[in-house]
Amino acid sequence: MSKNKKTLTNNFGAPVDDDQNSLTAGNPGPVLMQDVHLLEKLSHFDRERIPERVVHAKGAGAHGYFAVTADVTKYTRAKFLSAVGKRTEVFLRFSTVGGERGSADAERDPRGFAMKFYTEEGNYDLVGNNTPVFFIRDPLKFADFIHTQKKNPATNLKDPDMFWDFLSLTPESIHQVTILFSDRGTPRTYRHMNGFSSHTYKWYNDKGEYFWVKYHFKTEQGIQNLTRQEAEVMKGKDPDHATRDLHESILRGEYPSWRLEMQIMTPEQAANYRFDPFDITKVWPHADFPPIVIGRLVLNKNPENYFAEVEQSAFSPANFVPGIAASPDKMLQGRLFSYHDTHRHRLGPNFHLLPVNAPKASQVDNYQRDGFMRSDGNFGGSPNYYPNSFGGPEPRLEIAEPSFEVSGKAARQKYVHPNDDFVQAGALYKKVMTDADRDHLVGNIVDHLGGARKRIQYRQCALFYKAEQEYGRRVAQGLNLDLKEVARLAGMSAEDRAKETAAGTYEK
Ligand code: NDP
C-alpha cells in the first residue's frame, strides 16, 4: 500500500483486509457467520434511517451569521443583540411542511424558516415560516390539521376532500389559505422568500420592562414565486430544485441574505389594540406598527454532511436566551412542548449533544445526566444534584423574565373575537394583491378545490365570500357553483353552515 493512502477500518478502528469479497466456505459460498466485517456493514446499513420529522420532513440548510445593525438595548437584554456590528453564528433550515422526505420542493405548502443562533448565552432558536400567520390558533387542532394536509389513511393519496373539509370547517384558516393559494405558496427558491416569527414573542430589558415583538426577515434577493404551472413542471423536472439552488448559490459565492425588521408593541398598546396581538392568524398591520430594521442575516457556508448537520438539526421555539421569552399565543405554548418532544423521539434524549445542536459560544453545565447515546464525558465526577456544597453550577436570578399578571377562569374557552377572522384575508385580497395576483389566486384555488366534493366547495366558497364578496364570487364562478347559495351560506354562523353542508347535501 502506498504511504499516502488511508487505511479502511471497521467502526472500532481495526484495519479491514478486504471490502469486496465476503468470507465463504468454498467458492461461491455459502457465506460464513464469522465474516464479522460483513455482519457489521449490513447491520449498520439496516439502521441508517431515523424517523422522519412528522412535519417539515423535506428540508435544506446552511450556515451563516447574523449581524446587528441597530441599537435595541432599550428593548432587550439579549447579549447577541447588545451592540451594533455584533455577529453571531447561525444555522438555518428551510423546509416544506406536509411532504415526505423525498417529496418535491415545489409543492404548494408553507416553507419552514428555522434558525439557530449560537449565542454566548446559549442557543436561541426562532422556528418560523415564510408566512406571517398560521391556519389555526389552538394547538389542540394541530394534529387533525396536519392529518388533512398529508395522505388519506385508506388510499395513501393526497385527498382534496380531507384538505378542504377541515379548512372549510375552520374559518380562522382563511387568512393563511389566501396566502398559501397565492403564488407565495410556491416560492421560486428558498432564497426568494421572507421568513417570519409568525408568533408574537416577548423581549425584556435589564430594567425589567418588556415589549411584544414580531420578527420579519425580508429577502434581499427580492420575492420571486413560481406560478402553478411552473411549479407543476418543476416538481417533475427537479424535485430538489430549491435544495439545489441553495447549495449552488452558496458554492458560487452568491450568499443569500435577509434584513431583519421588527415590529414592537408596548404592553399598554397591546391592552388596547384592535386585534388580539397574540392571535397567530393575524398580522399587525404595518401602518399600526411600522417595522424597524435591526439586523442582517447572511448564509455563506454549505453543510459538509447533510445527515449530520441538516437531518439531525433540532430546533425548538422553547430555546430562549435571557432577554427573550414566550407570549400567551396558544399555538406557541403548544409548540414550546412539542418540538423537544419530537426530537427526543427522532434523535434520542441526548440530541442536544449532536454538534449541530450543541452550543458553540457557551458552556452547558447542569445536573442532567445519563440516557441513551451520552457521547460526552457526562460531567465526570461533578455533583449530579442541586443544591450541593461542592461547587456545582448555580442559577442566576438576575436574568429572570419580569413577572407578569394573569387572571380569568380556567376552562376550555372559545375564542372571543370570531368575527374578525375575515378582515385581514379580505385586506390582502382587496388592497395588497395586484390584478395578476388575484387571477392566479383564484385559478390556484379552483384547480385544487375543484377536486373536493360539492358540499365542501360550497362551504369553503362561503368563507372566501365572507372575506371579500368578489373573491367568493370569482371562485364560485370558476367552480360553477350557485352564487345565491354561496351568499346564503356566507350569511350563517359557522355551526349552521356546517349543518347545512353535512354529508349528502348537493350530492346525488
Ligand atoms: P402593507 O400594505 O403595509 O404590506 C403588505 C404586505 O403584504 C407586505 O409585507 C408584502 O410583502 C405582503 N404581501 C404582498 N403580497 C402578498 C401575498 N400574496 N401573500 C402574503 N403577503 C403578501 O399591509 P398591512 O400591514 O396593512 O397588511 C395588509 C395585509 O398584508 C395583511 O392582511 C396581510 O395579509 C398582508 N401582510 C401583512 C404583513 C404584516 O406584518 N403587516 C406581512 C405580510 C403580509 P413584501 O414586502 O415582502 O412584498
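Residues numbered from 1 in each chain as written. Predicted model: local features only at pLDDT ≥ 70, side-chain atom pairs only at ≥ 80, totals over all residues. Heavy atoms only, no water.

Novice: Outline the overall build of the protein, listing residues and values.
Specialist: The number of helices and strands found in the protein is 15 helices and ten strands. Computed over C-alpha atoms, the radius of gyration of the protein comes to 26 Å, within 12% of the 23 Å expected from 2.2 N^0.38 for 508 residues, which places it in the range of a compact globule. Overall, the protein is about 80 × 70 × 45 Å in size when its C-alpha atoms are taken along their principal axes. Considering only contacts within the protein whose residues lie at least 6 apart along the sequence, 72% involve residues at least 24 apart. Of the roughly 25,900 Å² of accessible surface on the protein, 54% is carried by carbon and sulfur atoms. Charged side chains of the protein number 66 positive and 65 negative; the gap between the two group centres comes to 2 Å. (Helix = DSSP H or I, 4+ residues; strand = E, 2+ residues; numbered from the N terminus. Rg over C-alpha atoms; globule rule 2.2 N^0.38 Å. Contact = heavy atoms within 4.5 Å. Areas by Shrake-Rupley, 256 points an atom, 1.4 Å probe, with all protein chains shown as cover. Lys, Arg positive; Asp, Glu negative; His and termini not counted. Charge placed at Lys NZ, Arg CZ, Asp CG, Glu CD.)

Novice: So what's going on with the site of the ligand? Residues and values would help.
Specialist: Looking at the ligand, there are 18 residues lining it, with His175, Arg184, Asn194, Trp284 and His286 nearest. Between an oxygen atom of the ligand and a side-chain N or O atom of Arg184, the distance comes to 2.9 Å. Taking Asn194, its side chain carries an N or O atom lying 2.8 Å from an oxygen atom of the ligand. Protein coverage of the free-state accessible area of the ligand, which is 790 Å², stands at 76%. Of all the secondary structure elements, the ones that give two or more residues to the shell around the ligand are α4 (174–180), β7 (210–219) and α10 (423–432). Of all the elements, α10 adds the most residues to the shell around the ligand, at three residues. Taken together, the residues of the shell around the ligand break down into nine nonpolar, seven polar and two charged. Both domains that furnish three or more residues to the shell around the ligand are identified here as domain 1 (59–135 + 188–353) and domain 2 (140–169 + 422–508). (Near = heavy atom within 4 Å. Polar contact = N/O pair within 3.5 Å; in protein donor to acceptor, adjacent residues only side chain to side chain. Nonpolar A, V, L, I, M, F, W, Y, C, P; charged D, E, K, R; others polar. Domains from an automatic or database assignment.)

Novice: For the domain arrangement of the protein, give the residues involved together with the corresponding values.
Specialist: Domain assignment breaks the protein into domain 1 (59–135 + 188–353) and domain 2 (140–169 + 422–508). Taking only C-alpha atoms, the centre of domain 1 and the centre of domain 2 are 29 Å apart. Between domain 1 and domain 2, the residue contacts involve 16 residues of the former and 13 residues of the latter. Across the domain 1 to domain 2 interface the summed buried area is about 1,100 Å²; carbon plus sulfur atoms make up 57%. A per-residue breakdown of the area domain 1 buries against domain 2 is headed by Gly98, Phe135 and Arg228, which together make up 40% of the total. For the interface between domain 1 and domain 2, the tally reads two salt bridges. Between Lys151 and Glu100 there is a salt bridge; the shortest N-O distance is 3.7 Å. The tally of links from domain 1 across to domain 2 stands at four residue pairs in polar contact (both at pLDDT 80 or more). Classifying every residue of the side of domain 1 that touches domain 2 gives seven nonpolar, four polar and five charged. (Buried area = accessible area lost by both parts, 1.4 Å probe. Salt bridge = Lys/Arg side-chain N within 4 Å of Asp/Glu carboxyl O.)

Novice: How would you sum up helix α12 (residues 454–467)? Please name residues and give values.
Specialist: Since the α-helix turns once every 3.6 residues, residues separated by three or four places project in the same direction. Along its 14 residues, α12 runs 20 Å from first to last C-alpha, staying within 8% of the 20 Å computed at 1.5 Å per residue. When you tally the buried positions in α12, you get twelve out of 14 residues, the bulk of the element. Buried residues of α12: Arg455, Ile456, Gln457, Tyr458, Arg459, Gln460, Cys461, Ala462, Leu463, Phe464, Tyr465 and Ala467, and no others. (Expected span 1.5 Å × (residues − 1). Buried < 20%, exposed > 50% of the residue type's maximum accessible area, 1.4 Å probe, protein only.)

Novice: Lay out the pairing of β7 with the relevant residues and their values.
Specialist: Strand residues, when the strand is regular, have side chains that alternate between the two faces of the sheet. Counting buried residues in β7 gives eight out of ten residues, a clear majority hidden from the surface. Bridge analysis of strand β5 (residues 195–196) against β7 gives two bridges, and the strand direction is antiparallel. Looking at β7, one finds that Gly195 is bridged to Phe217. Bridging between strand β6 (residues 201–204) and β7 involves four bridges; their strand directions are antiparallel. Looking across to β7, one finds that Tyr201 is bridged to Val213. Counting the residues in the hairpin turn of β6 and β7 gives five residues, including Gly208, whose phi is positive at 85°. Of the strand pairs in this sheet, β7 and strand β8 (residues 257–265) are connected by eight bridges, and their pairing is antiparallel. Bridge pairing in β8 links Lys214 to Gln263. (Pairing = 2+ DSSP bridges.)

Novice: So, the pattern of salt bridges: which residues are in play, and what are the values?
Specialist: Enumeration according to the criterion identifies 37 salt bridges in this entry. Across the salt bridge formed by Arg101 and Glu311, the nearest N and O atoms sit 2.6 Å from each other. Here Glu311 lies in helix α8 (residues 306–311) and Arg101 lies in the loop between β2 (87–95) and β3 (112–119), a separation of 210 residues in the sequence. Among the residues examined, Arg101 registers a relative accessible area of 23% and is labelled partly exposed. For Glu311, a relative accessible area of 2% puts it in the buried group. Measuring nitrogen to oxygen at the nearest pair gives 2.7 Å for the salt bridge that ties Asp279 to Lys282. Given the relative accessible area of 3%, Lys282 is considered buried.

Novice: Pulling in residues and values, what's your account of the nonpolar core?
Specialist: Among the nonpolar cores identified, the biggest contains 47 residues, and Trp164, Phe464 and Val475 are the most heavily contacted of them. Those elements giving two or more residues to this core turn out to be α2 (142–149), α3 (160–168), α4, α10, α11 (435–449), α12, α13 (469–478) and α14 (483–490). Among the elements that take part in this core, α12 stands out by supplying eight residues, more than any other. Domain assignment of the residues forming this core places at least three in each of domain 1 (59–135 + 188–353) and domain 2 (140–169 + 422–508). In contact with Phe464, other than residues within four places in its own chain, are Trp164, Ile174, Val177, Ile445, Leu449, Tyr471, Gly472 and Val475. Membership of the second largest hydrophobic core comes to 39 residues, among which are Val68, Phe80, Trp258 and Ile294. (Core = buried A, V, L, I, M, F, W, Y, C linked by side-chain atoms within 4.5 Å.)

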